[in-house]
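In case you want the letters, here they are:
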Amino acid sequence: MEKELEAQARQAAQELLDAAKLKPGDLLVVGCSSSEILGQRIGRGSSMEAAGAVYDGIASVLEEHGVFLAAQCCEHLNRAIVLERAALPLGAEVVNVLPQPHAGGSFATTAWQRMKDPVAVEEIRADAGMDIGDTLIGMHLKRVAVPVRLSIRRIGQANLVCARTRPKFIGGSRAVYAPEEELR
């Protein structure tokens, strides 16, 4: 089952990177309930094995493209974010917390264990996001999120919802806008 979860996560990450047109240095936030992946209610059946498989699938794609992973912790840590120190946004304040399977979640714990130089922050503004198991990642996306439909709708038994972001359009009816690709 772990190989299947890893393959599903890899496919989803690749499709999202392609659709969102992420570039090196961009941030992808991932909220992941290993409980939901295994068909249990969120927070009730945490699995380091399932989280590890999903992490491996996503991280391999992101590393290949130079995109940084931001792993969202669970609500017990106020949905804090674990990411590499090298990916810290300018002005971000590091907080002191070590995610655990039942206080932070298995996915964030796995990220902390496997990243080279992990830090935790309270918030970020990511360029795209992947929500595995209805974990509510919206608070960590840039302001204008656009749903991205992938060919894969679930990882394991967990719902999969993805988004990319775009710059806000401002200025009203007289404004002229650059093509979105030029702004990324």
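Each value, and the rule that gives it
- Residues numbered from 1 in each chain as written.
- Predicted model: local features only at pLDDT ≥ 70, side-chain atom pairs only at ≥ 80, totals over all residues.
- Heavy atoms only, no water.
- Helix = DSSP H or I, 4+ residues; strand = E, 2+ residues; numbered from the N terminus.
- 1 Å grid on protein atoms, 1.4 Å probe; cavity = no way out; pocket = protein on both sides within 12 Å on 5 of 7 lines; lining within 4 Å.
- Points joined across faces, edges and corners; volume = space filled by probe spheres on them.
- Nonpolar A, V, L, I, M, F, W, Y, C, P; charged D, E, K, R; others polar.
- Contact = heavy atoms within 4.5 Å.
- Core = buried A, V, L, I, M, F, W, Y, C linked by side-chain atoms within 4.5 Å.
- Buried < 20%, exposed > 50% of the residue type's maximum accessible area, 1.4 Å probe, protein only.

A.B. asks: I'm lost on unusual backbone geometry in this one. Help?
C.D. replies: Comment: phi is negative for the bulk of residues other than glycine, and the bulk of peptide bonds are trans. The phi dihedral of Lys 21 is positive, around 55°, even though this residue is not glycine. Looking at the element boundaries, Lys 21 is found in the loop between α1 (2-20) and β1 (27-32). The phi torsion at Arg 79 lies on the positive side, around 55°, for a residue other than glycine. Tracing the backbone shows Arg 79 in the loop between β2 (68-72) and β3 (81-84).

A.B. asks: It is not clear to me how the layout of surface pockets should be interpreted in this structure. Could you clarify?
C.D. replies: In this approach the atoms are scanned with a rolling probe the size of a water molecule, which exposes any empty space left behind. One number sums up the size of the largest pocket: a volume of about 420 Å³. Contributing to the lining of the largest pocket are 25 residues, with Ile 42, Gly 43, Cys 74, Glu 75 and His 76 lying nearest its centre. Elements represented by at least two residues in the lining of the largest pocket include exactly β1, α2 (34-37) and α4 (106-114). Among the elements that line the lining of the largest pocket, the one with the most residues is α4, at three residues. Considered class by class, the residues forming the lining of the largest pocket number eight nonpolar, 13 polar and four charged. In this model, the second largest pocket occupies a volume close to 290 Å³.

A.B. asks: Sorry if this is basic, but what is going on with the side chain of Thr 135 here?
C.D. replies: Here Thr 135 shows up in the loop between β6 (128-132) and β7 (144-148). Residues contacting Thr 135, with those up to four places away along its chain left out, are Gly 31, Cys 32, Ser 33, Ile 42, Gln 72 and Arg 79.

A.B. asks: Teacher, can you tell me more about the nonpolar core here?
C.D. replies: A general feature of soluble globular proteins is that nonpolar side chains tend to end up buried together. Counting 42 residues, the largest nonpolar core has Val 54, Ile 58, Phe 107, Met 130 and Ile 132 as the members making the most contacts within it. Those elements giving two or more residues to this core turn out to be α1, β1, α3 (48-65), β2, α4, β6 and β9 (158-166). Of the residues forming this core, the biggest block, nine residues, is contributed by α3. With sequence-adjacent residues up to four places away left out, Met 130 is seen in contact with Ala 12, Ala 13, Leu 16, Leu 28, Val 29, Val 30, Gly 31, Ile 58, Ile 137, Leu 160, Val 161 and Cys 162. Counting residues in hydrophobic clusters, the runner-up holds 13 residues, among them Ala 70, Val 121, Ile 124 and Ile 137.

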